[in-house]
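Descriptive analysis of the structure
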Amino acid sequence: MIAAQLLAYYFTELKDDQLKKIDKYLFSMRFSDDTLKDIMGRFRRELENGLSRDTNPTATVKMLPTFVRSIPDGSEKGDFIALDLGGSNFRILRVKVTRDKKQPVQMESQVYDTPDDVIHGSGTQLFDHVAECLGDFMEKQKIKDKKLPVGFTFSFPCAQTKLDEAVLVTWTKKFKSSGVEGMDVVKLLNKAIKKRGDYEADIMAVVNDTTGTMMTCGFDDQRCEVGIIIGTGTNACYMEELRHIDLVEGDEGRMCINTEWGAFGDDGSLEDIRTEFDREIDRGSMNPGKQLFEKMASGMYMGELVRLILVKMAKEGLLFEGRITPELLTRGKIETKHVSAIEKSKEGLKKCMEILSRLGVEPSHEDCLAVQHVCTIVSFRSANLIAATLGGILSRLKENKGVPRLRTTVGIDGSLYKMHPQYSRRLHKTVRRLVPDSDVRFLLSESGSAKGAAMVTAVAYRLADQARQITQTMAEFRLSKAQLLEVKKRMRTEIENGLGKKTHEDATVKMLPTFVRSTPDGTENGDFLALDLGGTNFRVLLVKIRSGKRRTVEMHNKIYAIPIEVMQGTGEELFDHIVYCISDFLDYMGMKSARLPLGFTFSFPCHQKSLDAGILVNWTKGFKATDCEGEDVVELLREGIKRKEEFDLDVVAVVNDTVGTMMTCAYEEPTCEVGLIAGTGSNACYMEEMRNIETVEGDQGRMCVNMEWGAFGDNGCLDDIRTQYDRAVDENSLNEGKQRYEKMCSGMYLGEIVRNILIDLTKRGFLFRGQISETLKTRGIFETKFLSQIESDRLALLQVRSILQQLGLDSTCDDSIIVKEVCGTVSRRAAQICGAGMAAVVDKIRENRGLDHLDITVGVDGTLYKLHPHFSRIFHQTVKELAPKCDVNFLLSEDGSGKGAALITAVGCRQREQEAAAAAQH
């Protein structure tokens, strides 16, 4: 018993001793984590060199764009053919993709031989052979009469400029057909098919086997965004942000990049870790100096590496008692499959004995242990190297996404990974150590690269079909110049109707006179109070205007809330609250005793009979105070002041915020005679000739007209450009059938239009995987500020995704591109029809004055105009195109409803004095 234990102990000692010797001998093949992290960093730099326009020509890692822009989303369906050419046999598959949950993919395939004389013959021979096999396959499948979409897996380095073309860079593996390098393989195959003339095929996509692997796995797991091959050769691909790919136009979305990482180190960047054995392998290869990383890591060279090490150890007497046989010296006698067999945990040593005996070296038990250990070191090095380069890709993905933790899936294929007993476990472990802040799932690709080609084709087919349908949907929003000119013409007609005495009653665009007869001339002087009521807040301002050389405007204000019970109580309560706020402000400013002139910005539709009388037509914006509609709001305010009996004010003017905007800008810029609000709501005003305003007595001079243009189209005159989405927004609004123009171009409604389009696209399966979330069903969820954010040029799609995620919408990159396009289309139309309205106004002013050319300034206010990244630019461009005889300048207004109201009051006081002087003369 003791003897047996001693013997076992002796063997263990011997084993440990022997293994330590080998560890020392092959020290340069064993890497610490620090070295691996260093390699990972080097590879990251190579990736960046390959992506950048300046460094790509000299980069070793070529980073070829594949024009595959998205992974499957599970909604693919159809009947496809896949070709797979990349090795000694050539496979053709028919792949039927259905939405059947149990068996979504059905495949039938056939393998055809590719004889050596074809591989080494002419390109014409090669593609004639492929076309012949495809014909035979279609005949057997009885589909010769159908023109099915074809995906072509072509596993050689190719330069692509679109999905359906691939120019062969160089042949690799054993292929050497003449006249193919530098040619588009799709053209060559199409030519061969056409020459036969007995069937048609629609080649939609050429993919590399790596991409095919990612796509196959992507069909089963939508998180899959990396594909790796670890087989005879090795390569990887992953989804990169388009904005980082200099070689491809555009920066929206992602694209799969075929790294061609086998060439990593071809510039000498891995010299410090290459061993004498690696150099010997390279010297004896078909392509010396090329694919150096692949030669250290892939299956094609692993057996040979082991053989070279054994030869050297035997020569130094460390193995087989120094015996060296002709077999051991023959290239290719140890294959990668032998390495896999030797490393099996149970029968590995037995296999080792068999394999070595065949080489005639008469191995001892210790020799077998040693050889097994050499195999382990060589294959472990491969797993470590691949873990480092994969780690580089994963850390880049994490950075691209800007997330604290990356969750992703890596699709893997290849004989070494599949067949070697320990390889996959070692790879996974090392990857997890090198990128600890990621959760990586490794997915074995089932039916490999060819099914992937069918998937790419299916996705391309789905995206093409989807793009066509989305374009069709959005086409209704894209207005031609002719349509916009028509909108301008109709606006002109409505303007005339609103101004005419006979037509005014039934006109939709009301053209309300404001009794503001001139813009400021710079002589305005004094202290004025301004009130601003137009929403849930109420402002009181003191505005000190000083004329003279250095004109100044000094403002003090206070904001008061209006409780909902006051907004919806009695008129008396509302005006008592307003007077209470004024009283508080006057105390605060210490000005109770002065009888100040006051301007009242009242942003609700009013019929004015004079500058200081405005009859409320109807409440809007959630106000419902009783006994106000049909009453003069100035009288209601005066009565409130009387009830309070604390101070007196001289109410000079009732002002609409649009007019206030015009006046503020006119104070800075005398040519300003138009005001525009493009914000939550939309409205405009301008200086019209008195002779044209038939609703007011007198023909002399001008008067500002508050257009109330939001109601344009309420008589149906815009129905031909309104879409089903506009109708849906209108039907769900508080004032159905009213303010139709405003509902197409103002901030309050753009988000709703977008939401309705997104719901429709989701129902049709183009967005959010066809799932309509609760959020998407909620009215008003899509605020206009989100549109501004989503359309901002600086925002990458990632940020668009995070905005959508805040809204509870889990979006892919493709979803984000579509959402961005929808937002852009809707806001573009808004800016264009708003511009068409403005063009009608400035052209009318030009004609009023009998001018060939008009220079004029428009004062503008409103959040949509100020904050949206493109609205103002498109709006300006439209006005310029539709009113070419007008040179229109746009000026941003600063506080139209406060400062503007004070200026109108100042102008009103001046008007009063002039009228009094004129009366005195008579």
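Note that the structure is predicted; figures quoted are calculated from it, not measured.

Analysis parameters
- Position labels on residues start from 1 in each chain and follow its written sequence.
- Local features in this predicted model are restricted to residues of pLDDT 70 or higher, and side-chain atom pairs are both shown and tallied only at a pLDDT of 80 or more, whereas totals for entire chains, interfaces and linings draw on every residue.
- Each side-chain value is worked out from all heavy atoms of the structure, with water and hydrogens disregarded.
- Helix and strand definitions here come from DSSP, where helices need a minimum of 4 consecutive H or I residues and strands a minimum of 2 consecutive E residues; each element is numbered from the N-terminal end.
- For the radius of gyration, the atom set is restricted to C-alpha positions; the globular benchmark scales as 2.2 Å times the number of residues to the power 0.38.
- Only protein chains enter the accessibility calculation, which uses a 1.4 Å probe. A residue is then buried if its area is under 20% of the maximum for its type, exposed if over 50%, and partly exposed in between.
- Residue contacts are counted whenever heavy atoms from the two residues lie within 4.5 Å of one another.
- Surface exposure here means Shrake-Rupley accessible area, sampled with a 1.4 Å probe, where a residue is shielded only by the protein chains that are shown.
- The convention is simple: Lys and Arg are positive, Asp and Glu are negative, and His and the chain ends are not counted.
- Should a side-chain nitrogen of Lys or Arg be within 4 Å of a carboxyl oxygen of Asp or Glu, the pair is scored as a salt bridge.
- By definition, no residue in a patch forms a salt bridge, and every one has over 30% relative accessible area; like charges are joined within 9 Å, nonpolar side chains (Val, Leu, Ile, Met, Phe, Trp, Tyr) within 5 Å.
- By convention, charge coordinates are those of NZ in Lys, CZ in Arg, CG in Asp, or CD in Glu.
- The pairing criterion is simple: DSSP has to find at least two bridges between the two strands.
- The criterion is simple. A nonpolar core is a set of buried Ala, Val, Leu, Ile, Met, Phe, Trp, Tyr and Cys residues joined through side-chain atoms within 4.5 Å.
- Structural elements are reduced to axes, namely lines fitted to C-alpha atoms, with helices fitted over the stretch in contact, and the angle between N-to-C directions of any two is expressed from 0 to 180 degrees.
- Relative orientations are named as follows: roughly parallel for angles under 35 degrees, roughly antiparallel for angles over 145 degrees, roughly perpendicular for angles from 65 to 115 degrees, and oblique for any other angle.
- Note that Gly is not counted as nonpolar here; it falls among the polar residues with everything else outside the nonpolar set of Ala, Val, Leu, Ile, Met, Phe, Trp, Tyr, Cys and Pro and the charged set of Asp, Glu, Lys and Arg.
- Crossing handedness: left-handed means the near helix sits turned counterclockwise from the far one by under a right angle, and right-handed means the same turn made clockwise.
- Aromatic rings from Phe, Tyr and Trp, with only the six-membered ring used for Trp, were paired whenever their centres fell within 6.5 Å, and each pair was classed as stacked if the ring planes differed by under 30 degrees, edge-to-face if by over 60, and tilted otherwise.
- The rule for a charge over a ring is simple: NZ of Lys or CZ of Arg within 6 Å of the ring centre, and within 35 degrees of the ring normal.
- Here, a disulfide means two cysteine sulfur atoms that sit within 2.5 Å of each other.
- Values of pLDDT, the confidence the predictor places in each residue, fall between 0 and 100.
- Expected span, for any helix, means 1.5 Å times one less than how many residues it has.

**Points about the overall build of the protein**
A count of helices and strands for the protein gives 30 helices and 26 strands. Relative to a compact globule of 922 residues, whose C-alpha radius of gyration would be 29 Å, the protein shows 39 Å and is clearly more extended. Its C-alpha atoms give the protein principal-axis dimensions of roughly 135 × 70 × 50 Å. For the protein, with 922 residues in total, the buried portion stands at 58%. For the protein, the share of sequence-separated contacts (at least 6 apart) that also reach a separation of at least 24 residues comes to 70%. Total accessible area computed for the protein in this model is approximately 39200 Å², and 50% of it derives from carbon and sulfur atoms.

**Comments concerning the side chain of E742**
Here E742 lies in helix α22 (residues 740-745). Buried and unpaired, E742 has K743 as its nearest opposite-charge partner, separated by 7.4 Å. Every residue in contact with E742, bar those within four places of it in the chain, is listed here: G681, S682, G710 and Y749.

**What to know about a positive patch on the surface**
Side chains of K344, K350, K351 and R358 sit close together on the surface and give a patch of like positive charge. Examined against the element boundaries, R358 turns out to sit in helix α11 (residues 348-358). Of the residues examined, R358 reaches a relative accessible area of 59% and is grouped as exposed.

**Section: the sheet that holds strand β22 (residues 672-678)**
In space, the six strands of this open sheet follow the order β14-β24-β23-β22-β25-β26, with mixed pairing throughout. The open sheet has two edge strands, β14 (512-513) and β26 (886-892), and neither has a second partner.

**Section: a negative patch on the surface**
On the surface, E565, E572, E573, D627, E631 and E639 cluster together into a patch of negative charge. When you line up the elements, E572 lands in helix α18 (residues 571-589).

**Considerations on the pairing of strand β8 (residues 202-207)**
The buried count for β8 comes to five of six residues, which makes it a mostly enclosed element. As defined by bridge partners, strand β5 (residues 149-154) adjoins β8 across five bridges and the pair is classed as parallel. Within the sheet, the bridge partner assigned to P149 lies in β8 and is D202.

**A word on unusual backbone geometry**
Even without glycine at this site, F67 takes up a positive phi of about 65°. Tracing the backbone shows F67 in the loop between β1 (64-65) and β2 (78-85). A positive phi angle, close to 50°, is found at E260, a residue other than glycine. Its location among the elements puts E260 in the loop between β11 (254-258) and α7 (276-283).

**Here we look at the pattern of salt bridges**
In total, this model carries 73 salt bridges according to the counting rule given. With a closest N to O distance of 2.8 Å, D272 and R42 form a salt bridge. In this pair, D272 is assigned in the loop between β11 and α7 and R42 in helix α2 (residues 33-51), connecting sequence segments 230 residues apart. Overall, the relative accessible area of 55% leaves D272 in the exposed class. Take R42: its relative accessible area is 13%, and that puts it in the buried class. Here E240 and R396 are joined by a salt bridge, their closest N and O atoms 2.5 Å apart.

**Section: the nonpolar core**
Across soluble globular proteins, nonpolar side chains show a tendency to be buried alongside one another. Core analysis: the largest hydrophobic core is formed by 112 residues, its most contacted members being M707, W709, F782, M838 and F875. Residues contacting M707, with those up to four places away along its chain left out, are M491, I495, V509, K510, M511, N683, A684, C685, Y686 and V841. The next biggest cluster of nonpolar side chains, apart from the first, holds 109 residues, and it includes I257, F264, L270 and V361.

**Observations concerning the packing of helix α16 (residues 481-499) against helix α29 (residues 871-882)**
Contact geometry of α16 with α29 gives a least axis separation of 11 Å together with a crossing angle of 80°. Comparing their axes, α29 and α16 come out roughly perpendicular. Note on element contacts: α29 touches α16 through T878, E881 and L882, opposite K481, L484, L485 and K488. Here the contact of α16 with α29 is composed, by residue class, of three nonpolar, one polar and three charged.

**Let's talk about the packing of helix α4 (residues 123-141) against helix α5 (residues 185-196)**
In contact at an axis separation of 9 Å, α4 and α5 are set at 60° when each is read in the N-to-C sense. Judged by the angle between their axes, α4 and α5 are oblique. Taken as a pair, α4 and α5 cross one another with a handedness that is right-handed. Taken together, the residues of α5 that come into contact with α4 (itself represented by T124, F127, D128, V130, A131, E132 and L134) are V185, L188, L189, A192, I193, K195 and R196. Its residues assigned to classes, the contact of α4 with α5 comprises nine nonpolar, one polar and four charged.

**A closer look at the packing of aromatic side chains**
For any pair of aromatic rings, geometry is given as the distance between the ring centres together with the angle between the planes. What the rule picks out here adds up to 20 aromatic pairs. Ring plane angle 55° and centroid distance 5.0 Å describe the contact between F602 and F604, whose orientation is recorded as tilted. Of the two residues, F602 and F604, both sit in the buried class. Sitting over the ring of Y667, R551 keeps its end group 4.3 Å from the ring centre. The residue whose ring lies beneath K558 is Y588, and the NZ or CZ to ring-centre distance is 4.7 Å.

**Concerning the environment of L319**
Mapped onto the fold, L319 is located in the loop between α9 (299-315) and α10 (336-342). On the accessibility criterion, L319 (1% relative accessible area) is buried. The sequence separation of L319 and V633 amounts to 314 residues, and the corresponding C-alpha distance is 108 Å. The contacts of L319, once residues within four sequence positions are left out, are L310, M313, A314, D367, A370 and V371.

**So, the state of the cysteines**
Within the structure shown, the criterion is met by zero disulfides. You can see C606 has no disulfide; the closest cysteine sulfur is in C628, sitting 11 Å from it. For C606, a relative accessible area of 7% puts it in the buried group. In this structure C665 is a free cysteine whose sulfur lies 4.9 Å from that of C672, the closest cysteine sulfur available. With relative accessibility at 2%, the residue C665 sits in the buried group.

**Focus on the confidence of the model for the protein**
Of all residues in the protein, 95% have pLDDT values of 70 or greater, and the mean over the chain is 88. Confidence, expressed as mean pLDDT per element, reaches its minimum in the protein at helix α1 (residues 2-25) with 63 and its maximum at α16 with 97.

**Some remarks on the pairing of β11**
Of all five residues that make up β11, five are buried, and the element is covered over most of its length. Side chains of β11 alternate between two faces, with R254, C256 and N258 and M255 and I257 buried alike. Across five bridges, the pairing between strand β10 (residues 234-241) and β11 is antiparallel. The partner of E241 across the bridge, within β11, is R254.

**A closer look at helix α20 (residues 657-668)**
Structural remark: α-helix, 3.6 residues per turn; residues separated by three or four positions point the same way. Here α20 is 12 residues long and its end C-alpha atoms lie 17 Å apart, about the 16 Å a rise of 1.5 Å per residue gives. Of the positions making up α20, those classed as buried are T658, V659, G660, T661, M662, M663, T664, C665, A666 and Y667.

**Brief notes about the environment of G289**
Relative to the helices and strands, G289 is located in the loop between α7 and α8 (292-297). Between the C-alpha atoms of G289 and D267, which are 22 residues apart in sequence, the distance is 8.8 Å. Contacts of G289, omitting those with residues within four sequence positions, involve D266, D282 and K295.

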